[in-house]
Amino acid sequence: MLRNLAVSTLGLCLCVAAAEAAVRSEWVYATLPLPRIHYSYDVTNSSHALDRLQATDGPVDVLFLGSSAVRAAIMPLKFDAAVAKDGGPRLLSFNGGMSSMFPSGARIYMEHYWRPRVTPKYVLHGVRPPELYNAQPVPQYLRRSGVIEPLWLSGSLRDEVEAFVLDHVHLLHYRGTVMKVLQQARDGKRIGGTERTTYGTDARGFRRAKASLARNIKNKSKRLWVWKRPTTPKNFEAGFRELERIKSLCDAMGARYVLVHLPEHPKRYNAKKNGKPAWSLYYAELQRWAAEHDVPVLDVTHGDYKAFASTKYYSDYHHLAAAGADHMTGLLATEFKKLIAPK
Amino acid sequence: MNFVSVDFAILLVATLVIYPWLSRERQNLVLLCASCVFYGYWDVRFLALLGVQVTLDWWIAQRIHGAAQAGNQSSAKGFLQLSLVMNLGALAFFKYFGFFVEQVYVGLHAVGVQAHKPVLDIILPLGISFHTFQTLSHSIDVHRGRLVPSRSWVDYAAFILFFPQLVAGPIERASHMLPQYQRKRVIRAEDVQEGLWLILLGYFRKVAIADTAAVLCEPMFSHPEKFDSSELVAGLLLFTVQIYGDFAGYSDIARGTARLFGFELKRNFEHPYFAINVSDFWRRWHISLSTWLRDYLYVPLGGNRNGTLLTYRNLMITMLLGGLWHGASWNFVIWGALHGAYLCIHRALKPVIDRAPTAGLLGALFTASGALLTFALVAFTWLFFRSATFELTQAYLAGFVRDGEWLPRTFIPLFVLAAMALTIDIPQHLTKTETPFVRLPRVVRLPLAAAMITALCLSQDSGQPFIYFQF
């Protein structure tokens, strides 16, 4: 009986392993609806791009961390080329910017997502005033929309085990696929859905913002809000605490933590009463915190919030358009080269 | 604790690891403890209630038997009545009190009497309808002299609380189960093999078929006014697939789990949608309930022994109460009434039906027509079963005649899920066994099991509880 059971169990495991291997294939990934176990399809696409990149080109040296503003602002391919120019080091960078990934989310992702996946030499974290302002301890979107994030956050051993299994067994990434396919067939939609194109990035995690600022102004986009809140140093304390934790994680990984001040369109800080003072306060606090914690800040605006002002650079007030990303990446590479140059 | 949960898997594995090595008494004790954990996990207060109910029933059964042995029939009858009052009283309070109050309030309001509706939110203990029917049949069988009650409280409690079938059946009879508790269970290789297959089939039915169908048809039942007739027909048929997958899936898991412990539970489903008439359907659907109603309600009412009209009356009473057993709502009453009416009509037409050809092409055509008609009639009744309120049922019915384009693609999910269900039912039907895949060669059997596990992984993790848990 035991021999029979052992043979059957082994055979069954082999068959299930074959199914697991099949769902890991590029063909299945391209054919079935995009799987999602994280809070957004952004992570699925990013993860897929990162896996492919590391499988072909080796480990990532530079990880850009942050929100969709980072994702739209930095072109890793151009960055690497610019850094390597004139005898600079040959680096492999990846843009890990993801929607709404403000400092607390970035810290949670650093701890549970990036740390097991990458071993970078540098982590370049892009920040801007609204992201550091009153950072939520745990972003609600992670709890609400994610499958794996609530398991990360619960802190129980059982949930940690479940998260590990969910992360590593790709068959489980495709939960709900049968239903999605049936719904798409019933509704006459293309099997596979549109998530791949909507949330897609290039091979290095960069996604070009599609709309221009002119179009967003014409459409009165909600993204074009203006900063009007009164701001005090206290408003940034929670955000800085998160940065401190991210720095500790980077130190533990052996990566150098670097902040990148992301440019925004000056109109964001146009409000008469609170706009410019808020920006100035943020900038001063960022410099103070960075100096205190020995964290370099790369700033392509050199402290002038109107320095990166051209309308053609922006898609909205904080996402750069392709031209802006191209310009920003070149400037950032120059600043980065200065940082890593032997003293 | 839901069958589709890690907690259940842990409980099952932990119990199975120690179970085979124990003596008969300890096997029963371990099962009882596991059952208490299973039930208490949901609400420990109702575990205490269940414990009191089981203890009283066990004591009453001893008294009934003792009185009957002593020739004191009136005392035996008195104890039986006590058991009936206690069990039916608990059922009436927890399940029907709210409904009764609501109806009185509506009635008073209709005749112009302004009354205040008492606010009393009663939580329904999980599986109360199932274990109440089990304890009732035990007391009745002891009174009828068909069963000698167990002298061991542990044996009896382990039988009533047996966790694989505690909350949604099959509704077992003591005469079938107690003898199994009175011998040591030795777990044989075929028990393990068939048990595991049954569990896999059950999960496949529940998670891959029923839960997927549930998500697809839910919008139609929540907002029927938003859908056209073809979508509503597809939604109703999807629920027809869902409820079968859900309940038969549960029964398979329960039976499979019981097999792992060396028990043989009654079969609860026998391809009900292959039935060729409504009587045949009730011989195949929720068999443990239909036979319970037959033995303890329909036959004592007189069955078919007292002429045509009384037979129709008995059928209607049985099916109406069968409907009410599912829940306190007019929808269940209508569901039961429709099935009662179908059974009466079938009985009235039986002489004509019996003269129809049974062999050859004509016979096959006649049988197929019967099966199709039965399926359509049964599917129609599920509308009343599934709708949350009577108003939604009316809206759904109105939607059937709403104009709209009949798009074949509306039915794609239905065909796919029905095909998945038939993948199990047809081989079972043809081989007249529940686990036909066990007999296949290993090279076919293992990939088939792996395909089912893969389908489970790719299916919706809806977290939907089993439909019959609410009863």
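The following paragraphs examine the structure supplied in this document. (Residues numbered from 1 in each chain as written. Chains lettered and ligands numbered in written order. Predicted model: local features only at pLDDT ≥ 70, side-chain atom pairs only at ≥ 80, totals over all residues. Heavy atoms only, no water.)

**Quick notes on the sheet that holds strand β3 (residues 122-127) of chain A**
Residues and elements named next belong to chain A.
Here is step 1: Read from one edge to the other, the open sheet built from 5 strands follows the order β2-β1-β3-β4-β5, with strand pairing classed as parallel. Of all strands in the sheet, those bounded by a partner on one side alone are β2 (93-95) and β5 (297-299). Taking each pair of neighbouring strands and ignoring which way they run, the sheet shows an average axis angle of 25°.
Here is step 2: With 6 bridges connecting them, β3 and strand β4 (residues 256-261) associate as parallel partners. What sits directly across from glycine 126, in β4, is valine 260.
Here is step 3: The sheet strands contacting helix α6 (residues 103-114) are β1 (62-65), β2 and β3, and the helix crosses β1 at an angle near 140°.
Here is step 4: Sitting on the sheet, helix α17 (residues 322-340) is in contact with β1, β3, β4 and β5, with an inclination near 145° to β5. (Pairing = 2+ DSSP bridges. Helix = DSSP H or I, 4+ residues; strand = E, 2+ residues; numbered from the N terminus. Axes fitted to C-alpha atoms, helices over the stretch in contact; angles between N-to-C directions. Contact = heavy atoms within 4.5 Å.)

**Some remarks on the pattern of salt bridges**
Residues and elements named next belong to chain B.
Here is step 1: The final tally for this structure, using the stated rule, is 41 salt bridges over all chains.
Here is step 2: Here lysine 206 and aspartate 211 are joined by a salt bridge, their closest N and O atoms 2.9 Å apart. Comparing lysine 206 with aspartate 211 shows no difference in burial state: the two are buried.
Here is step 3: Measuring nitrogen to oxygen at the nearest pair gives 3.1 Å for the salt bridge that ties arginine 284 to aspartate 280. With a gap of 4 residues between them, arginine 284 and aspartate 280 both fall in helix α10 (residues 278-284), about one helical turn apart.
Here is step 4: A relative accessible area of 17% places arginine 284 in the buried class. (Salt bridge = Lys/Arg side-chain N within 4 Å of Asp/Glu carboxyl O. Buried < 20%, exposed > 50% of the residue type's maximum accessible area, 1.4 Å probe, protein only.)

**Some details on the state of the cysteines**
Here is step 1: Under the criterion given, the structure shown has 0 disulfides over all chains.
Here is step 2: Here cysteine 36 of chain B stays free of any disulfide, with the sulfur of cysteine 33 of chain B as its closest cysteine sulfur at 6.4 Å. (Disulfide = S-S within 2.5 Å.)

**Some thoughts on the interface of chain A and chain B**
Here is step 1: Each side of the interface is counted separately: chain A has 25 residues, and chain B has 28 residues.
Here is step 2: Summed over both partners, the interface of chain A with chain B buries about 2400 Å², with 72% contributed by carbon and sulfur atoms.
Here is step 3: In terms of surface lost to chain B, no three residues of chain A exceed Met179, Leu182 and Arg186 of chain A, which account for 27% of the buried area on that side.
Here is step 4: The tally of links between chain A and chain B comes to 1 salt bridge.
Here is step 5: Of the charged contacts, one joins aspartate 7 of chain B and arginine 158 of chain A as a salt bridge, the two residues approaching to 2.5 Å between their closest N and O atoms.
Here is step 6: Taken together, the connections running from chain A to chain B amount to 6 residue pairs in polar contact (both at pLDDT 80 or more).
Here is step 7: Where the side of chain A that touches chain B is concerned, the elements lending two or more residues are α1 (2-23), α11 (170-173) and α12 (177-186) of chain A.
Here is step 8: It is α1 of chain A that contributes the most residues to the side of chain A that touches chain B, 9 residues altogether.
Here is step 9: In terms of residue class, the side of chain A that touches chain B is built from 14 nonpolar, 7 polar and 4 charged. (Buried area = accessible area lost by both parts, 1.4 Å probe. Polar contact = N/O pair within 3.5 Å; in protein donor to acceptor, adjacent residues only side chain to side chain. Nonpolar A, V, L, I, M, F, W, Y, C, P; charged D, E, K, R; others polar.)

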